[in-house]
Structure formats: C-alpha cells, structure tokens
Amino acid sequence: MSSIQDTNNTLARSLSELLALDGNPVAVKFFANDYEMSQLMRFRVDRPYAICQLISDSRYMGRIHLAIGNDLGLCWGGLVITGFADMPANVKDGTRYAGWQFLDEQSSRKFFESLPRLPLNHYKGVLIAPLGKCPLEPDLVIIFGNAAQMTALISAYAYDKGESMSFIMPPTVGCAYSIALPMLTKKPNMVVPCNGMRLLSLPDNSNLVFSMPFSEIDGVIKGLKFLRERGGPSY
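Residues numbered from 1 in each chain as written. Predicted model: local features only at pLDDT ≥ 70, side-chain atom pairs only at ≥ 80, totals over all residues. Heavy atoms only, no water.

Chemist: Give a description of the nonpolar core that names residues and reports values.
Modeler: Among soluble globular proteins, nonpolar side chains are generally buried collectively. With 43 residues, the main nonpolar core has W76, F112, L115 and I179 as its most contacted residues. Elements represented by at least two residues in this core include exactly strand 1 (26-31), helix 3 (51-61), helix 4 (76-81), helix 6 (105-113), strand 3 (125-130), strand 4 (140-145) and helix 8 (174-185). The element that contributes the greatest number of residues to this core is helix 8, accounting for seven residues. Beyond its immediate stretch of four places on either side in the chain, L115 contacts W76, I81, M87, V173, A176 and Y177. Counting 35 residues, the second largest nonpolar core, distinct from the first, contains L131, V141, F210 and I221. (Core = buried A, V, L, I, M, F, W, Y, C linked by side-chain atoms within 4.5 Å. Buried < 20%, exposed > 50% of the residue type's maximum accessible area, 1.4 Å probe, protein only. Helix = DSSP H or I, 4+ residues; strand = E, 2+ residues; numbered from the N terminus. Contact = heavy atoms within 4.5 Å.)

Chemist: Can you tell me about the sheet that holds strand 1, naming the residues and giving the values?
Modeler: One open sheet accounts for six strands, arranged 2-3-1-4-6-5; its pairing is antiparallel. Looking at which strands have only one partner, the edges of the open sheet turn out to be strand 2 (65-68) and strand 5 (189-191). Averaged over all pairs of adjacent strands, the angle between their axes in this sheet comes to 20°, without regard to strand direction. The pairing of strand 1 with strand 3 spans six bridges and is classified as antiparallel. Counted as the bridge partner of F31 is G125 from strand 3. (Pairing = 2+ DSSP bridges. Axes fitted to C-alpha atoms, helices over the stretch in contact; angles between N-to-C directions.)

Chemist: Mind laying out the side chain of Q149, listing which residues take part and the relevant values?
Modeler: Tracing the backbone through its elements, the reader meets Q149 in helix 7 (residues 147-158). Reaching out from Q149, the side chain makes a polar contact with the backbone oxygen of L19 at a distance of 2.7 Å. Those residues in contact with Q149 that lie beyond four places of it in its chain are L19, A20, L21 and Y235. (Polar contact = N/O pair within 3.5 Å; in protein donor to acceptor, adjacent residues only side chain to side chain.)

Chemist: Please provide a residue-by-residue account of unusual backbone geometry, values included.
Modeler: Despite not being glycine, A20 shows a phi value in the positive range, around 50°. Here A20 shows up in the loop between helix 1 (3-19) and strand 1.

Chemist: Help me get a handle on helix 6, residues and values and all.
Modeler: Among the residues of helix 6, those classed as buried are S108, F111 and F112. Considered in projection along helix 6, the buried side chains sweep an arc of 90° and stay on one side of the axis. Those residues of helix 6 that are exposed and angled more than 90 degrees off the buried face are Q106, K110 and E113. Check the buried side of helix 6 and you find it contacts helix 4, helix 5 (89-92) and helix 8. (Arc of directions from axis to C-beta.)

The values are spatial; any link to function lies outside them.
See below:
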C-alpha cells in the first residue's frame, strides 16, 4: 500500500468510525491528461455507466472505477457536469424536461442554464473509489448519511469557523451539485438524492449526500473528534 493510500485508508476509517457510516466514504479524482491515468487503466469500466452508479458501487461494493469520456454515457448528466461533453440541445433549450419535471420550457431552460459544470474538455477522466482504497489524493470526498450524521458533519465543519453553512439542493441532476459545484467553489455542499440517483444508484430512503473538497477532510475529522469528546453533536 502506498503512503497516499495508507493516509486515505486512515482517514476513511476515522470517518466510518466517527459517523458509523453505512458503506464507504467515496473519493473522486479528476485527470487532465492521459499520463496521469496511464497507471490506472486496469480500473477502467467496460461499458457505459451513470456517474451515480459508480459512486454507489464504490460505496457499497468497495470497487474502484476509472471512467473516460463516453464511459459515463448512460446518463447525460454525468457527461456534462464533468465537462466530458456539451449539454444536449433538447436539455439546453428546455424541451426535454418541460411538462413533467418543470412546468414549461422556460422554467426548464432557466434551471439548466445555471447548472454547475466543469469546463468543457478540461478533464479527460475521473477515478471513483472507496476513499480507503484510493491510490491518489482525491479532489472530493462524498459521504452518504442520515440527518443525524449530516448534523454531525455540518457541526464538525463549522466548529472552528463560527459560521453557518448554505447548501444548494437541486430538483434534478444531483451529481452537478455533489461533484461539479464543490469542485468549482472549493466548499462543501449537501444534496438530497435526485430522482435519477434514486433510480440508478438506489440510496437509502433517508440518505442525504455531503460532498467536500479533500482539503477539508482533516479539519472535519478534528471537528468530529472535538464534538464527541466535549459533548457536542455527534453520532
């Protein structure tokens, strides 16, 4: 086990023990060039998936996945929010989701115009893995949990900052707000799993999703330990 993976494993065990997690915390790592991915090709998926499916598989089954370009083609959302592809025309113009997800084309178009997305064609691939098995320092860590576990996470993030947290919870394309948004803002976000995520990755009915930049993980773990030792919010 590499020193980086050993560190990630220690962090994953700390999160799992402090929060009594159901499944693994999940690491997400983006790659801007082929060289960075060259040693990880054995983890490349063998057919198209939705990005939320890969996250769920890493969470529950402990598997590592490398997805490049159209490997995320089962759902347009994962392709677009990672910057692997442009938004489909009938999503961009509001027609695909009008009349069922949104009232009309105008409301649909308004939502998708503001959808967080990584820069088009900036990244070539993404590694999704259980944090404890991730061989590289990830960009993000994603944690699934119930409301009580989320309260502990929010409190741990804020305990040394003295500030409240604000979250953006979308009606659809939850991956944009659990992956692209924290990548762009460098701040955590929490979302309710969207309908697509519920259909494709089968989260528990009580699950919320907390996603944070990897740079925040040490502080959050310190906060969780502080709160548990001092009688603050914990799980």
